[in-house]
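# Commentary on secondary and tertiary structure
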Amino acid sequence: MKETNRIRKIVRLKQLVQRWRRRIPQGGSLAVYVGDEHEHRRFVIPIRFINLPVFASLLNKAEEAFGFQTTNGLVLPCDAIFFEKLLNVLERNERRCGALDLDDFTEMFSESWPLIGSLLL
């Protein structure tokens, strides 16, 4: 009976460790939060994306919106749906789309989805 309890504790501990590992970004990654002031969604992005013009624009908007004083991590002022589309495009073709600015992405997405322009906060 004691052996069964010991195995259960080991399994629970392993599950707990796995849950926490998913929350910690891997080396070369950065956790960012997107969304409005009521709800933020967490994304883990490659650190190299920070050098792209679209992220420079988002960081400038974050500075204007929130300043440098934040206790919740790096928050980018855009909708999660827009950000998902942005990441999807960059992950598929970073070389071709990496030089695009925020306005370029907004225009690109608005052609395929007319309401996307309203998703930037």
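Notes on the structure in this doc start here. (Residues numbered from 1 in each chain as written. Predicted model: local features only at pLDDT ≥ 70, side-chain atom pairs only at ≥ 80, totals over all residues. Heavy atoms only, no water.)

### Thoughts on the overall build of the protein chain
Test applied: Every helix listed is a DSSP run of H or I at least four residues long, and every strand listed is a run of E at least two residues long, numbered separately from the N terminus. A simple rule labels every residue: compare its accessible area, found with a 1.4 Å probe on the protein chains alone, to the largest value its type can have, and call it buried under 20%, exposed over 50%, or partly exposed in between. The contact rule is simple, with two residues in contact once any of their heavy atoms fall within 4.5 Å. In short, Shrake-Rupley with a 1.4 Å probe defines the accessible areas, and a residue's cover is counted only from the protein chains shown.
What the protein chain contains, in helices and strands, is five helices and three strands. Counted from the first residue to the last, the protein chain has its helices and strands arranged as α-β-β-α-β-α-α-α. Relative to its 121 residues, the protein chain shows a buried fraction of 27%. Look at the contacts in the protein chain between residues 6 or more apart in sequence, and 52% of them connect residues 24 or more apart. With the model as given, the accessible surface of the protein chain reaches about 8,800 Å², and the carbon-plus-sulfur share is 52%.

### Considering the sheet that holds strand β3 (residues 75–76)
Note the threshold: Between any two strands, at least two bridges found by DSSP are needed for them to pair. A fitted line through C-alpha atoms represents every axis, and for helices the fit uses only the stretch in contact; the resulting angles, taken between N-to-C directions, go from 0 to 180 degrees.
The three strands lie next to each other as β2-β1-β3, forming an open sheet whose pairing is mixed. Two strands lie at the open edges of the sheet, namely β2 (40–46) and β3, each paired on one side alone. With seven bridges joining them, strand β1 (residues 29–35) and β2 adopt antiparallel strand pairing. When the sheet's bridge partners are listed, Val34 is paired in β2 with Arg41. Where helix α3 (residues 80–92) meets the sheet, its contacts fall on β1, β2 and β3, and the angle it forms with β2 comes to roughly 15°.

### Focus on the side chain of Thr106
Rule in force here: Polar contacts, as used here, are pairs of N or O atoms within 3.5 Å; protein pairs need one atom able to donate a hydrogen and one able to accept it. Residues neighboring in sequence count only if both atoms are side-chain atoms.
Of note, Thr106 is situated in helix α5 (residues 102–112). Thr106 sits in the buried class, given a relative accessible area of 15%. Looking at Thr106, its side chain comes within polar contact range of the main-chain oxygen of Leu102, at 2.9 Å.

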